[in-house]
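# Structural description and commentary
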Amino acid sequence: MPAAIIGREGPLTGRRFPVGTAPVTFGRSADNSVVISSWSASRLHAELIREGDRYVLHDRGSRNGTLVNGSPITSRVLASGDVIGIGGEVFAFEITEVLSQETITDTVFPLAAAEAEPVLRVTVSGGGPVGLSLALLLESMMGRRVQVTVYDGRWTQDGPRVVWKTEAQGNVRRQQVVTVQSRQYLNLPEEVQARLFTGDAYTEMWPAGPDSIRNRNPRNLRIAYIEDVLLELANEKTGRIRLVPEVFDPAERREEVVQGQVLAICEGGRSRTRETFTDKFGTPDTSIYSLDGEHLYDVVLGLRVKSELPDPMAVLLTVAQNRFLLNSLRGEGFLNMRLTDEEAREVIGVDPVRQVFEQCVASRPCLMAKEDGGDFRCATHGTLFLPALVRSSALWKRVMEGLKLFGVPEENLTAVTGFRLDMVQRPRFTAQVYQATATTPGTYGFLLGDAANAIHFWPGRGLNSGLASAISLARSLTLAWRGKPFRDADFVRHEAAMSMLQYRHKSRAWKAMVSADEHGVSLAVKEKIARSIEQHGSADPDGATSAGPALEEDVEALMVRLRQIRNRLSARLPGLPDDRTLEEHLRTLRGETLRTLVASGPWDTLVVGGEEVDIDLFYREAPPRSVALPRRAI
């Protein structure tokens, strides 16, 4: 009596899985016999085993249970016509009788051969953390039903593997440290999590907060390390992920794209591919992130440092002001300094041979590493960082103050770079970039990561937003793919998730760019810093650290702020410094520095905290319904 599992509701509707002597497994992992796309299914959810003439279904300790005819089971002997519910998908168990040879000579009714599964063809432009995460998510969730091709010009071929280009090959790797929230990393494939979080590759510098799930802390990792691990994993998936070490050119690759169903654009904030399809995705709006009719932006000086402060004190000093931001891994990382407009004009390089100035440090951006003589040189353009050459300049003195604030000896400053940070409001993130024809399926394009939502990194949500966008798209594609052309309606949930991510993270970031003056009038944070410098300079041109009414007032204002933050964090972050330690540390700073720290204001925790975007909300499946199926007449 041949038996089979037949899809009745969900992406596998109509699919037939023969049941033989080998067990039939159900679950999210790609190596199961029946791959369940729903995120509510466990990696190995259930198993059907033939025991003599019986077929027994076993739940394998799944998170959300297995139903037979609407009732939860642990083990159940199945009868033909039973309905199985797993992860929101519904299957029927059927046994096909073989007619007697005395009735029909040499005639049987064999099971129909399983159809060849249609393969979803996905092209990814940009192989950074977001593009590679999308490829690995799809490979994990869809298995043999997907084929992903990823392009990135920062790669090169090294024998059978694709690797990152070196600095000598023109690729300056990103050594910045990012804070990845548990809401994102726990939704990555288990294999990815296992490879990322090994040994001393990460720290848990920040306490669990509103964006933490399962009581897991945010984790600090170096971006280059994340990229290395993800590329290494992708290299191991040659059957389903193809890596192409070339810049994606939408014109040259047009035929490939139109023959596939998906184009995922993950190239970053300056994406050429996105601009190619501007007529599809719409024109971004800059007015929402403008003040007095001018698009607001920040210029940040990135200082590669090694801090000697313990993590709890570094956290406390970071959230108490908006002039400096330390992102580090065991003290090593980047100290980011928000610049005034006047200071930003000083962030230039000078070519010592041609004696001309270059904006490369802030506009490319380029990394200027410290040489043996103490100069900071750009390896790409040969320029030297001008403020470091003129050590008596006001900007360089303020850089030294930032180092002092975070316990960085001057010799532990090893490189400088620059960033321009701004934001736009995007009208949509999903678009059909090529219509279906008689020979092509119709291709949908998706903006992900910084190509979708380039976010001011001060509150630290850029990569988290990018990973969330990849998780959402992978789930939508897995649920919607049935071998037929996609429709706009297939991506309603993904588009809603992207819009919520844009609103939540950019509203948070806007509060990191804009504050208010004493009259409640909106004012850029950089302008408040500039005014405090101007006011203090007129009162104390030497920036003295000697005691005085203004100095005492600023120290006390900062101490009040630090105590309030410490009280909030103490239950979640042990080892916070006491008053004496903090006050002694603050008194090492110049009066001008103290004034700018006070003026910049603390992080707006009411905005940084609070409700978070829960991607799971859009993909929770309703409990499977019991479906009455007629028993086959014999």
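Here the structure is a predicted model, which is why all the values come from computation and not from measurement.

Now for the sheet that holds strand β18 (residues 241–244). Paired through their backbone hydrogen bonds, the strands of a sheet run either parallel or antiparallel. Taking strand neighbours across the sheet as the criterion, the six strands line up as β18-β13-β12-β19-β32-β31 in an open arrangement whose pairing is mixed. The sheet terminates laterally at β18 and β31 (430–434), the two strands that pair on one side only. For this sheet the average axis-to-axis angle between neighbouring strands, irrespective of direction, equals 20°. Running at roughly 170° to strand β13 (residues 146–151), helix α1 (residues 129–142) makes contact with β12 (120–125), β13, β18 and β19 (262–265) of the sheet.

Residues of the chain with pLDDT of at least 70 account for 89%, and the chain-wide mean is 87. Per-residue pLDDT stays below 50 along residues 543–547; that stretch engages in eleven contacts with residues further than four places along the chain or on separate chains.

Here we take up the pattern of salt bridges. Using the criterion set out here, one finds 42 salt bridges in the structure. Between Arg219 and Glu204 there is a salt bridge; the shortest N-O distance is 2.9 Å. With Arg219 in strand β17 (residues 219–222) and Glu204 in the loop between α3 (190–196) and β17, the pair connects residues that are 15 residues apart, well separated along the chain. Given the relative accessible area of 7%, Arg219 is considered buried. Relative accessible area serves as the criterion here: at 38%, Glu204 is assigned to the partly exposed category.

Further remarks concern the environment of Gly131. Looking at where Gly131 falls in the secondary structure, it is placed in helix α1. Distance in space between the C-alpha atoms of Gly131 and Leu467 is 9.0 Å, their sequence separation being 336 residues. Ignoring anything within four residues of it in the chain, the contact list for Gly131 reads Val124, Gly126 and Cys266.

Strand order in the open sheet formed by six strands is β2-β1-β11-β10-β7-β8, with antiparallel pairing between adjacent strands. With partners counted over all chains shown, the strands left at the sheet margins are β2 (16–19) and β8 (71–73), one partner each. The sheet shows a mean angle of 30° between the axes of neighbouring strands, taken without regard to direction. As defined by bridge partners, strand β7 (residues 66–68) adjoins strand β10 (residues 83–86) across two bridges and the pair is classed as antiparallel. Within the sheet, the bridge partner assigned to Val68 lies in β10 and is Ile84.

Among the structural elements, Leu367 can be located in the loop between α10 (360–363) and β27 (368–370). With residues near it in sequence (within four places) discarded, Leu367 still touches Val172, Arg304, Phe334, Arg377, Cys378, Ala379, Ala415, Val416 and Thr417.

Direction vectors running N to C along α1 and helix α4 (residues 223–235) enclose 30°, while the axes themselves pass 9 Å from each other. The angle between the axes of α1 and α4 places the two elements in the roughly parallel class. Viewed along their axes, α1 and α4 form a crossing whose handedness is left-handed. Facing α1, whose interface residues are Pro129, Leu132, Ser133 and Leu136, α4 presents Ile223, Ile226, Glu227, Leu230, Leu231, Leu233 and Ala234. Here the contact of α1 with α4 is composed, by residue class, of nine nonpolar, one polar and one charged.

Before going further, it helps to spend a moment on α1. Note: α-helices contain 3.6 residues per turn, so residues at a spacing of three or four share the same orientation. Along its 14 residues, α1 runs 20 Å from first to last C-alpha, staying within 8% of the 20 Å computed at 1.5 Å per residue. By the criterion of burial, α1 is predominantly enclosed, with 14 of the 14 residues buried. Just past α1, the residue Gly143 takes up positive phi, approximately 60°.

Moving on, we get to the packing of helix α14 (residues 462–480) against helix α15 (residues 492–513). The description of two helices packed together rests on the angle between their axes and the distance between the axes. At their nearest, the axes of α14 and α15 sit 9 Å apart, and the two run at 170° to each other. The angle between α14 and α15 places the two elements in the roughly antiparallel class. Residues Ser465, Ala468, Ser469, Ser472, Leu473, Ser476 and Leu479 of α14 form the contact with α15, whose participating residues are Arg493, His494, Ala497, Met498, Leu501 and His505. Grouping the amino acids of the contact of α14 with α15 by side-chain chemistry returns six nonpolar, six polar and one charged.

Cut-offs applied
Residues numbered from 1 in each chain as written. Predicted model: local features only at pLDDT ≥ 70, side-chain atom pairs only at ≥ 80, totals over all residues. Heavy atoms only, no water. Pairing = 2+ DSSP bridges. Helix = DSSP H or I, 4+ residues; strand = E, 2+ residues; numbered from the N terminus. Axes fitted to C-alpha atoms, helices over the stretch in contact; angles between N-to-C directions. Contact = heavy atoms within 4.5 Å. pLDDT = per-residue confidence, 0-100. Salt bridge = Lys/Arg side-chain N within 4 Å of Asp/Glu carboxyl O. Buried < 20%, exposed > 50% of the residue type's maximum accessible area, 1.4 Å probe, protein only. Parallel < 35°, antiparallel > 145°, perpendicular 65-115°, else oblique. Left-handed = near helix turned anticlockwise from the far one by under 90°. Nonpolar A, V, L, I, M, F, W, Y, C, P; charged D, E, K, R; others polar. Expected span 1.5 Å × (residues − 1).

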